[in-house]
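# A look at the structure
Each chain is listed here by its residues.
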Amino acid sequence: MSSSLSGKLEGSVEIDSSPEDFHEMFFHRPHHMPNACGDKVQGCDLHEGDAYGQHGAVVCFRYTHDGKAKTAKHLVEVDDPKTHSVRYKMLEGDLLEEYKSFVLTYTATPKPDGKGSIVKWVFEYEKKHEGIPHPESLMDYLLSVSKDMGTHVAQGPKA
């Protein structure tokens, strides 16, 4: 990778739910995400694999970012239920119009006071050319989605 085109971006947000509950919804029940943030995520479909939340599953999300309807098809490369961490590799979708490669990882950890958790996102990517911006807007978007999901999950019965 060319160092001027490749990048890494990290961000984190405090959420109301436990790491276990966040991971359960985001990874095992992503089709319920519109219940938590329907303005941001419209739905998802399992394209390959036996079920959501499995290593090797291919999932396609339909979402709205920066006022535009977009899609993202990704492969679950790594999942670690002990650390509530998952790594996704983008296969198709709007992101790959601007990036040669894009990998997203989240980790949910308990907050020190035991109330809620901290969700950390890491993007590793290679831009197609210098004119492509770094994905700060997408990071802000995913932190907002994570916050909405944490609030939804903490509010009561599972969707």
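Residues numbered from 1 in each chain as written. Predicted model: local features only at pLDDT ≥ 70, side-chain atom pairs only at ≥ 80, totals over all residues. Heavy atoms only, no water.

### Here's the deal with the sheet that holds strand E1 (residues 6-15)
Across the sheet, which stays open at both edges, the seven strands sit in the order E1-E7-E6-E5-E4-E3-E2 with antiparallel pairing between neighbours. Here the strands that pair on one side only, and so sit at the sheet edges, are E1 and strand E2 (41-48). Here the strands of the sheet are splayed against their neighbours by 25° on average, with no regard to which way each runs. Bridge count for E1 against strand E7 (residues 117-127) is 10 bridges, and the pairing is antiparallel. Looking at E7, one finds that glycine 7 is bridged to tyrosine 125. Strands E1, strand E4 (68-80), strand E5 (85-93), strand E6 (99-110) and E7 of the sheet are contacted by helix H1 (residues 19-28), whose axis makes an angle of about 145° with E6. Against the sheet, helix H3 (residues 136-154) engages E1, E2, strand E3 (58-65), E6 and E7, with an angle of about 25° to E1. (Pairing = 2+ DSSP bridges. Helix = DSSP H or I, 4+ residues; strand = E, 2+ residues; numbered from the N terminus. Axes fitted to C-alpha atoms, helices over the stretch in contact; angles between N-to-C directions. Contact = heavy atoms within 4.5 Å.)

### Describing the UniProt feature "domain: Bet v I/Major latex protein" (unreviewed entry) in the protein
Following the UniProt record, one finds the feature "domain: Bet v I/Major latex protein" (unreviewed entry) at residues 4-156. Span residues 4-156 is 22% helix and 46% strand, its end C-alpha atoms 46 Å apart. (UniProt positions renumbered as here; feature names shortened; annotations may be inferred.)

### Side note on the side chain of serine 117
Take serine 117: it is sitting in strand E7. A polar contact is formed between the side chain of serine 117 and the backbone oxygen of serine 17, at a distance of 2.7 Å. If near-sequence neighbours (up to four positions away) are discounted, serine 117 is found in contact with Val13, Glu14, Ile15, Ser17, Ser18, Pro19, Thr109, Pro110 and Lys111. (Polar contact = N/O pair within 3.5 Å; in protein donor to acceptor, adjacent residues only side chain to side chain.)

### What to know about the packing of aromatic side chains
For the structure on display, the rule yields 12 aromatic pairs. On the numbers, 6.5 Å between centres and 45° between planes, the contact of phenylalanine 26 with tyrosine 88 is tilted. Placement of the pair is phenylalanine 26 in helix H1 and tyrosine 88 in strand E5, with a sequence separation of 62 residues. Of the two residues, phenylalanine 26 and tyrosine 88, neither departs from the other in class, the shared state being buried. Measuring from ring centre to ring centre gives 6.4 Å for tyrosine 88 and tyrosine 106, while their planes differ by 40°; the resulting arrangement is tilted. With tyrosine 88 in strand E5 and tyrosine 106 in strand E6, this pair connects stretches of sequence that are 18 residues apart. Residue tyrosine 106 is classed as buried on the basis of its relative accessible area, which comes to 0%. Chaining the aromatic ring pairs together yields one cluster made of Phe22, Phe26, Tyr88, Tyr106 and Trp121. (Phe/Tyr/Trp six-rings, centres within 6.5 Å; stacked < 30°, edge-to-face > 60°. Buried < 20%, exposed > 50% of the residue type's maximum accessible area, 1.4 Å probe, protein only.)

### What to know about the pattern of salt bridges
Within this structure, the stated rule accounts for 10 salt bridges. For the salt bridge of lysine 8 with glutamate 10, the shortest nitrogen-to-oxygen distance reads 3.8 Å. A salt bridge links lysine 111 to glutamate 14, with the shortest nitrogen-to-oxygen separation between them at 3.2 Å. Placement of lysine 111 in the loop between E6 and E7 and of glutamate 14 in strand E1 is noted, with a sequence separation of 97 residues between them. On the accessibility criterion, glutamate 14 (45% relative accessible area) is partly exposed. It is possible to trace a salt-bridge network through shared partners that takes in Lys8, Glu10 and Lys120. (Salt bridge = Lys/Arg side-chain N within 4 Å of Asp/Glu carboxyl O.)

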